[in-house]
Amino acid sequence: MAEKTVVQASNFVRNIIQEDLAQGKNQGLVATRFPPEPNGYLHIGHATSICLNFGLAADFSGTCTLRFDDTNPEKESDEYIQSIKRDVEWLGFEWHGEERYASSYFDTLHGFAVELIEKGLAYVCDLSPEQAREYRGSLTEPGKNSPYRERSVADSLDLFARMTAGEFADGAKVLRAKIDMTSPNMNLRDPIIYRIRHIHHHQTGDKWCVYPMYDFCHGLSDAIEGVTHSICTLEFEDHRPLYDWFIANVSAPSTPRQYEFARLELNYTVTSKRKLKQLVDSAAVTGWDDPRMPTISGMRRRGYTPAALRNFCAATPVARSKGITDVSRLESAVRDDLDSKAPRAMCVLDPIKVTITNWSADDVKTLVVPVHPKDETMGTRELTWTREVYIDRADFAMQAPRKWKRLAPQQSARLRGGYVVTCNQVITDADGKVLELLCTYDENTLGKKPEDYKVNGVVHWVSASHNLPVEVRVYDRLFNDENPDGNKERDFTECLNPESLQVISQAYAELGLASGTVGQQYQFEREGYFCIDTDSTADKMVINRTVTLRDSWGK
RNA sequence: UGGGGUGUAGUCAAGCGGUAAGGCAACGGGUUUUGAUCCCGUCAUGCGCAGGUUCGAAUCCUGCUAUCCCAGCCA
């Protein structure tokens, strides 16, 4: 089946690039970058950034690099680097050249810092963190100059060299840019550009004990890579003057421009690496790849597809106004992609036994049905029809409501792909719980409508004797509250949904599923989309519910 | 009380002086051996509020208001 074309939502960055190109800026080049800090797993918010940066580069025949913004070794690790690379690749993007590391620019960056000192635009400051905070002033009051601000160039040069050589303890001194302590923009009040950290770095080992701060490192790394359009989120808007200041005051090899857009917010979801890490560390979920997590690895395990995520991102407008996107948009992107790709199968999650009284117990019939109702290139599959079958408890009602299209006493329904059956008798236990349905089948209804009566319902089923018992994990949203961290009075973990995972230890799938391998996706007809989980063993297949089908009947 | 942003339907948004795109959600209807998919249709006399400029304003001007971000040696 052909790939659907996805509507590309508006994108103000795209417009800016088109104008730049029209004016011949940047020699007609477009270069972007995706710059994660390797301090956690990527989530749905990063997916929008990835799609934006790689997508823009692809659309304008440009390049997009993957650069690890690894300036804070304390929180970073190789595990995160590996997961990030895997996630970007899985999404279907290829970064330009080898992956980059800001840490591999440390020599150049250090040189830029020296250059600033030589120009009298940076100085070594001995203020303690507490003192520095006092000197910084507040949002409404200007800051005061540090007593070390007028230190001579020679002294700062010497001190910075000794900082770099490891002569001072963590926090003893910092290198600061000399800008304006009275600026209404806090970022310009002599920001710190290097701090001392005697700590092993996952890439550079013990080579350095001074590490550059984000503002200094990021823009200049962009300049080193020849990035033309540096796209980040809105909270960095106030940093832009600083971004430009560093590039203007150092012999930067190019002049990238920063553009900010509103990060993606999803309702019923938390997207903050810190909070996601908290969920993992507190065992509220089983790991970064728990299928309930909004991480890329979690969504992958849940059964979301790269195309679904890409389509979702492409259809998400890139704007400068903040808004909360409805998760239903994500879910509809998943359904939309899986509908055409997922083979169909049947699985009964909550069984009631049905005995077809006019079908012989030793008669086992093979039915051949299409794998996909609209795509015959996907072939056919076999179902086993026997005297005893299971249907779902939800598909039978003692008292059929109005417009009921399923089974009920004296009512008929088709067992999908098989015959029409009529329920003649209901066997219940002392409490009235339905134990078994006694039905008769109509032999003239295989592959055709009954001649003298109408059947409006179709119900999924599986043979009670020829099936594959599986464990099914049914997921619901992780949080009950639409805005988990919208209330400052309570911790976001207080609105964790206690029923976000329901384990059905024994469900019954059609036999054909036995050949499925980990990651294989299916549509269980009338139930939803499912995939085989990594927890599956030779003895027990574990299946995740990715998302339900749209349901206009209601639950 | 400083600075920087943003307010268009339930929701997210386009719109850039010429008479309010689109998506999701919702609601009707058609097809259907999945209450799915698919297909049709409905959904802003109005763009945060109040003035002003103009033949004409969501778009320009003035004032107001709401809301978000910034005082890490985090990114």
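Each remark here, short or long, concerns the structure printed above.
This write-up is about the structure you can find in this document. (Residues numbered from 1 in each chain as written. Chains lettered and ligands numbered in written order. Predicted model: local features only at pLDDT ≥ 70, side-chain atom pairs only at ≥ 80, totals over all residues. Heavy atoms only, no water.)

The strands making up a sheet associate through hydrogen bonds between their backbones, and the pairing can be parallel or antiparallel. Ordered in space as 12-25-26-27-23-24-13, the seven strands form an open sheet in which the pairing is mixed. Bordering the open sheet on either side are strand 12 (344-345) and strand 13 (347-348), each of which pairs with just one other strand. Relative to strand 24 (residues 501-509), strand 13 is paired through two bridges, and the arrangement is antiparallel. Considered in strand 24, the bridge of Val-348 is made with Tyr-508. Against the sheet, helix 12 (residues 327-341) touches strand 12, strand 25 (521-524), strand 26 (528-532) and strand 27 (541-548), its axis set at about 115° to strand 27. (Pairing = 2+ DSSP bridges. Helix = DSSP H or I, 4+ residues; strand = E, 2+ residues; numbered from the N terminus. Contact = heavy atoms within 4.5 Å. Axes fitted to C-alpha atoms, helices over the stretch in contact; angles between N-to-C directions.)

Look at Asn-26: it is not a glycine, yet its phi comes out positive at around 55°. Relative to the helices and strands, Asn-26 is located in the loop between helix 1 (12-22) and strand 1 (31-34). Despite not being glycine, Ala-283 has its phi angle at roughly 65°, a positive value. Tracing the backbone shows Ala-283 in the loop between helix 9 (273-281) and helix 10 (296-302).

As a further point, take the pairing of strand 1. Burial along strand 1 is two-sided: Ala-31 and Arg-33 and Thr-32 and Phe-34, pointing in opposite directions, are all buried. Two strands pair when backbone bridges link them, and strand 1 and strand 2 (residues 63-68) are joined in this way by four bridges, in the parallel orientation. Bridging across to strand 2, Arg-33 finds its partner in Thr-65. Once you follow strand 1 into helix 2 (residues 44-59) and on to strand 2, the crossover reads as right-handed. (Buried < 20%, exposed > 50% of the residue type's maximum accessible area, 1.4 Å probe, protein only. Right-handed = clockwise from strand over helix to strand, strands pointing away.)

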